[in-house]
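Survey of secondary and tertiary structure
So the chains spell out like this:
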Amino acid sequence: MAVEVKICGLTDEAAVTAALQARADMIGFVFFPPSPRHLEPDRAAALAVPARGQTTVVALTVDADDQTFDGIFDRFGPDLLQLHGTESPERVAVLKARYRVPVMKMIPVREAADLERTQAYTDVADRILFDAKAPAEATRPGGLGLSFDWRLLAGLDLPLPFMLSGGLDADTVGEAIRIARPDGVDVSSGVESAPGRKDPAAIARFAAAVRQAETALDRSIERIPS
């Protein structure tokens, strides 16, 4: 079972280099001013240059307006758009049609009932990202190092790929993969030495832990009698 690795919230050249050396399947850049990982499109574009053609370059936004999206696509040009706010299914459809790139929609999760929102997006999004629901007083909806009960995703049957985020690091991602069996995992604060500052060694450890979990999962599947 292949599990994609996404390293999100990159802010400097060292982090991009580390993600590429770790063979991350996706790298994410944040365009949301309240986040300590926020970048202007020109800065993100410069950082992404060595990644073009090597990995999928993702733009993360939170309830952004059309002007913000125009700036991101004119000056940065992502391969995939990650919507991490309260964007409606109708908004997802409009953005896909306007910018003609795949869209990953985040669903915040705290309890089983939160998963019901997913169905509204399965016909318009290309991927789903399950992240821990932020507290009401939080200034941003993700990148907080919070987790949720991964057992809520066990046996989940969706018609499109899903990724898992929230509270993941090299020590926890193996268990998360074993329980939830996601198509991919997304990490930000779990590979940082400080908010907004990625640790290249932590990125390497995280990617290695994912690959180790893949191998363990494949072996467990092989042991299941046919």
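Parameters and conventions
- Residues numbered from 1 in each chain as written.
- Predicted model: local features only at pLDDT ≥ 70, side-chain atom pairs only at ≥ 80, totals over all residues.
- Heavy atoms only, no water.
- Helix = DSSP H or I, 4+ residues; strand = E, 2+ residues; numbered from the N terminus.
- Rg over C-alpha atoms; globule rule 2.2 N^0.38 Å.
- Buried < 20%, exposed > 50% of the residue type's maximum accessible area, 1.4 Å probe, protein only.
- Areas by Shrake-Rupley, 256 points an atom, 1.4 Å probe, with all protein chains shown as cover.
- Lys, Arg positive; Asp, Glu negative; His and termini not counted.
- Charge placed at Lys NZ, Arg CZ, Asp CG, Glu CD.
- Contact = heavy atoms within 4.5 Å.
- Pairing = 2+ DSSP bridges.
- Axes fitted to C-alpha atoms, helices over the stretch in contact; angles between N-to-C directions.
- Core = buried A, V, L, I, M, F, W, Y, C linked by side-chain atoms within 4.5 Å.
- Arc of directions from axis to C-beta.
- 1 Å grid on protein atoms, 1.4 Å probe; cavity = no way out; pocket = protein on both sides within 12 Å on 5 of 7 lines; lining within 4 Å.
- Points joined across faces, edges and corners; volume = space filled by probe spheres on them.
- Nonpolar A, V, L, I, M, F, W, Y, C, P; charged D, E, K, R; others polar.
- Parallel < 35°, antiparallel > 145°, perpendicular 65-115°, else oblique.
- Left-handed = near helix turned anticlockwise from the far one by under 90°.
- Right-handed = clockwise from strand over helix to strand, strands pointing away.

Notes on the overall build of the chain
In terms of helices and strands, the chain carries six helices and ten strands. The C-alpha radius of gyration computed for the chain amounts to 17 Å, which stays within 12% of the reference 17 Å derived for 226 residues, consistent with globular compactness. Counting only C-alpha atoms and orienting by the principal axes, one finds that the chain spans roughly 55 × 40 × 35 Å. In the chain, buried positions account for 50% of the 226 residues. For the chain, the accessible surface area stands at approximately 10400 Å², while carbon and sulfur atoms represent 49% of it. In the chain, 25 side chains carry a positive charge and 33 a negative one; their mean positions are 3 Å apart.

Let's talk about the environment of Phe69
By secondary structure assignment, the location of Phe69 is in helix H3 (residues 66-75). Along the primary structure Phe69 and Tyr99 are separated by 30 residues, whereas in three dimensions their C-alpha atoms are 8.9 Å apart. What Phe69 contacts, discounting residues up to four positions off in sequence, is Thr61, Ala64, Leu81, Leu83, Arg91, Leu95 and Tyr99.

Focus: the sheet that holds strand S2 (residues 26-31)
Read around the closed barrel, the eight strands follow the order S1-S2-S3-S4-S5-S6-S7-S8; overall the barrel is parallel. Across the sheet, the mean angle from the axis of one strand to that of its neighbour is 25°, orientation sign disregarded. Alignment of strand S6 (residues 127-132) against strand S7 (residues 162-165), held across three bridges, turns out to be parallel. In the strand pairing of S7, Phe130 is matched with Leu164.

With respect to the pairing of S6
Consecutive side chains along a regular strand alternate between the two faces of the sheet. The element S6 is extensively covered by neighbouring structure, given that six of its six residues are classed as buried. Of the two faces of S6, the one holding Arg127, Leu129 and Asp131 and the one holding Ile128, Phe130 and Ala132 are both buried throughout. By the bridge criterion, six bridges tie strand S5 (residues 103-109) to S6 in an arrangement that is parallel. Looking at the pairing, Lys105 lines up with Ile128 of S6.

Focus on the nonpolar core
Core analysis: the biggest nonpolar cluster contains 65 residues, and Ile7, Phe29, Phe76, Leu81, Phe130 and Phe206 have the highest contact counts within it. When residues in this core are grouped by element, the largest group, eight residues, is from helix H6 (residues 200-222). Aside from chain neighbours lying at most four places away, what touches Leu81 is Ala59, Thr61, Phe69, Phe73, Leu95, Val101, Pro102, Val103 and Met104. The next biggest cluster of nonpolar side chains, apart from the first, holds seven residues, and it includes Val58, Leu80, Leu129 and Met163.

Regarding helix H1 (residues 13-21)
Looking only at H1, the buried set comprises Ala15, Val16, Ala18 and Ala19. Taken around the axis of H1, the buried residues stretch over an arc of 165°, which confines them to a single face. The positive-phi residue at the C-terminal boundary of H1 is Arg23, with phi of around 60°.

What about the layout of surface pockets?
If you add up the space inside the second largest pocket, you get close to 200 Å³. Residue lining of the second largest pocket: 14 residues in total, with Phe31, His38, Glu40, Pro41 and Thr68 positioned closest to the centre. With five residues, H3 is the largest single contributor of residues to the lining of the second largest pocket. A class-by-class count of the residues in the lining of the second largest pocket yields eight nonpolar, four polar and two charged.

With respect to the packing of helix H2 (residues 41-48) against H3
Between H2 and H3, the least distance of the axes is 9 Å, while the angle of their chain directions is 30°. With respect to their mutual orientation, H2 and H3 come out roughly parallel. Note on packing geometry: the crossing formed by H2 with H3 is right-handed. Judged by residue contacts, Pro41, Asp42 and Ala45 of H2 engage Gly71, Ile72 and Arg75 from H3. Residue composition of the contact of H2 with H3, grouped by class: three nonpolar, one polar and two charged.

Some details on the pairing of S7
Here S7 shows two buried faces, one formed by Phe162 and Leu164 and the other by Met163 and Ser165. Pairing between S7 and strand S8 (residues 184-187): three bridges, direction parallel. Bridged to Ser165 within S8 is Asp186. Read from S7 through helix H5 (residues 173-180) to S8, the crossover connection turns out right-handed.

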